[in-house]
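Observations on the three-dimensional arrangement
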Amino acid sequence: MHLSIIIPAFNEERLITYCLDSISESLAANQKSGFTSEVIVVDNNSTDKTAELAAQAGAKVVFEPINQIGRARNAGAAAATGEWLLFVDADSLLNPGMAADILQMIETGKYVGCGSVMHMPNCPWWGTAILQFWSVISVTFSWASGALVVCRADAFREVGGFNQDLFAADEIDLSRLLKKWGRKHGLKFTILTRHPLETSARKLQLYTGWEIAGQLLSVILSPRRTLQNKKKLPVWYDGRR
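Residues numbered from 1 in each chain as written. Predicted model: local features only at pLDDT ≥ 70, side-chain atom pairs only at ≥ 80, totals over all residues. Heavy atoms only, no water.

Side note on helix α4 (residues 96-108)
Over its 13 residues, α4 runs 18 Å from end to end, which matches the ideal 18 Å to within 8%, given 1.5 Å per residue. Those residues of α4 lying buried are Gly 97, Met 98, Ala 99, Asp 101, Ile 102, Leu 103, Met 105 and Ile 106. Its side-chain oxygen placed 3.2 Å from the backbone nitrogen of Gly 97, Asn 95 serves as the N-cap of α4. In the stretch just after α4, Gly 109 is the one whose phi turns positive, near 70 degrees. (Helix = DSSP H or I, 4+ residues; strand = E, 2+ residues; numbered from the N terminus. Expected span 1.5 Å × (residues − 1). Buried < 20%, exposed > 50% of the residue type's maximum accessible area, 1.4 Å probe, protein only. Polar contact = N/O pair within 3.5 Å; in protein donor to acceptor, adjacent residues only side chain to side chain.)

Structure follows, in structure tokens:
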């Protein structure tokens, strides 16, 4: 089994090396006969040393000039050679336990893919509450968060990949499509819970509670208009780091 690990990255010079190191450690702890992997970093028009650091770490670097999360993920998938795709954000850290759970999920032959619950160190209390609420929704509806999505490459391509009409929440749309594809093929889509993905709480530190609340309210009240307009999604696209 060949696994392609895809990391979309825009100006991530501060965190990309930590992400890549966590992937190397997780893969090294789970080496087994017949398992191979590749790591692809998608430089989403960065103006810092993201691409340089990724190449130094041994990753394959792909360039996507248009700043859009889904478009960057799709560019990585287009360059991937694996039967399975693992999308992980550059501000997140894999762990050996999670990698083991992912490989076990794949080996059962019963799943089209999975997501994971998340852990955010140094998170404000209101951020922890939001994360806990999201975790319940994620597990209940089998919706993956964008920080981690794993799926069969053939299923990903047949459903059309990440929806490039959306500038956020495209992982929820993909989860829905993968579940539908899975039902036709007798396969399930699940959310892993035993070894949460560690992801950065920087958005909750860089933005005030009111800014986050305003962004969420905009998505809830006018989801289509908001999610299809990058200018209405500053928390994702204003470049604050």
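Structure's up, so let's keep going.
Some points on the pattern of salt bridges
For the structure on display, the rule yields nine salt bridges. Among the ionic pairs, Arg 202 bridges to Glu 12, the shortest N-O distance being 2.4 Å. With a gap of 190 residues between them, Arg 202 in helix α8 (residues 202-206) and Glu 12 in the loop between β1 (2-9) and α1 (16-28) connect regions that are remote in the sequence. Comparing Arg 202 with Glu 12, the two get one shared label, buried. A salt bridge links Arg 152 to Asp 154, with the shortest nitrogen-to-oxygen separation between them at 2.7 Å. The exposure class of Arg 152 is partly exposed, given its relative accessible area of 24%. In the salt-bridge network here, residues are joined through shared partners; they are Arg 73, Asp 89, Asp 170 and Glu 171. (Salt bridge = Lys/Arg side-chain N within 4 Å of Asp/Glu carboxyl O.)

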